[in-house]
Amino acid sequence: MYYAIVSEDVPNSLSLRQQARPAHIARLQELKDQGRLFMAGPNPAIDSADPGEAGFTGSMVVAEFDSLEDAQAWADADPYIEAGVYAKSTVKPFKKVLP
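Reading the values: the criteria
Residue numbers here run from 1 along each chain, matching the order of that chain's written sequence. Two thresholds apply to this predicted model, a pLDDT of at least 70 for residue-level local features and 80 or more for giving and counting side-chain atom pairs, whereas whole-chain, interface and lining totals are computed over all residues. Hydrogens and waters are ignored; side-chain quantities use all the structure's heavy atoms. Note on conventions: DSSP H or I runs of at least 4 residues are helices, E runs of at least 2 residues are strands, and numbering of each starts at the N terminus. Taken over C-alpha atoms, the radius of gyration is set against a globule rule of 2.2 Å times the number of residues to the power 0.38. Contact criterion: two residues are considered in contact whenever any of their non-hydrogen atoms come within 4.5 Å of each other. Each accessible area value is a Shrake-Rupley result obtained with a 1.4 Å probe; residue values ignore everything except the protein chains displayed when judging cover. The convention is simple: Lys and Arg are positive, Asp and Glu are negative, and His and the chain ends are not counted. Every charge is mapped to an atom, namely NZ of Lys, CZ of Arg, CG of Asp or CD of Glu. The buried label applies to any residue whose accessible area, calculated with a 1.4 Å probe on protein chains only, is under 20% of its type's maximum; exposed applies above 50%, and partly exposed to all values in between. In this analysis, strands are considered paired if DSSP registers two or more bridges between them. Helix axes are fitted only over the stretch in contact, all axes being lines through C-alpha atoms; the angle between N-to-C directions runs from 0 to 180 degrees. The term polar contact refers here to a pair of N or O atoms within 3.5 Å; inside protein, the definition further demands a hydrogen-donor-capable atom paired with an acceptor-capable atom, and it admits residues adjacent in sequence only when both atoms are side-chain atoms.

Draft legend 1. A look at the overall build of the protein. Helix and strand counts for the protein come out as 3 helices and 4 strands. Walking the protein from its N terminus toward its C terminus, one meets helices and strands in the order β-α-β-β-α-α-β. Relative to its length of 99 residues, the protein is compact, with a C-alpha radius of gyration of 13 Å against a globular reference of 13 Å. For the C-alpha atoms alone, the extent of the protein along its principal axes is close to 35 × 30 × 25 Å. Residue pairs in contact within the protein that sit at least 24 positions apart in sequence constitute 74% of those at least 6 positions apart. Of the roughly 6,200 Å² that the protein leaves accessible, carbon and sulfur atoms contribute 53%. Treating the 9 positive side-chain charges of the protein as one cloud and the 14 negative ones as another, the clouds have centres 6 Å apart.

Draft legend 2. Inspection of unusual backbone geometry at higher detail. Here Leu98 and Pro99 are connected by a cis peptide whose omega angle stands at -15°. Inspection of the secondary structure puts Pro99 in the segment after β4 (86-94). Unlike most non-glycine residues, Asn12 shows phi in positive territory, near 55°. With respect to the helices and strands, the residue Asn12 is situated in the loop between β1 (2-9) and α1 (14-33).

Draft legend 3. Up close: the side chain of Ser13. In this fold, Ser13 is placed in the loop between β1 and α1. On the accessibility criterion, Ser13 (2% relative accessible area) is buried. Here Ser13 is in contact with Phe56 and Val85, once residues within four sequence places are set aside.

Draft legend 4. The sheet that holds β1, seen in detail. Within the open sheet, the 4 strands sit side by side as β2-β3-β1-β4. Their pairing is antiparallel. Edge positions in the sheet fall to β2 (37-44) and β4, since each of these pairs with one other strand and no more. Each strand axis lies, on average, 10° off the axis of its neighbour in the sheet, ignoring direction. With 7 bridges connecting them, β1 and strand β3 (residues 56-64) associate as antiparallel partners. Looking at β3, one finds that Tyr2 is bridged to Glu64. The strands that α1 touches are β1, β2, β3 and β4; relative to β3, the one it contacts most, it runs at about 10°.

Draft legend 5. Spotlight on the environment of Asn43. In this structure, Asn43 sits in strand β2. Look at Asn43 and you get partly exposed, because its relative accessible area is 34%. Sequence separation between Asn43 and Ser7 is 36 residues, and the spatial gap between their C-alpha atoms is 9.5 Å. Sequence-distant contacts of Asn43, that is, excluding residues within four places in its chain, are made with Phe56, Thr57, Gly58 and Ser59. Looking at Asn43, its side chain comes within polar contact range of the main-chain nitrogen of Ser59, at 3.3 Å.

Listed below in structure tokens is the structure:
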């Protein structure tokens, strides 16, 4: 089943994100290589695809896991958690309907 992982950044997280990004992206790439990643991306802090110094306010990942517990464990091990980027993450089951 798919699960949505919605994470909210701490204020002024850009420098923390930049430092932890390679490890964060590597984990997402593993999900992609396994055919389990539906989508992933950040929420720009301003209405722009490239927010520059404004940075980001959070991220969303939708991926396939065996259970809610597995999805939560994966989210809890995100390098952005260890680096202090995320203030909190919420994991919920996700049902794709469209397209």
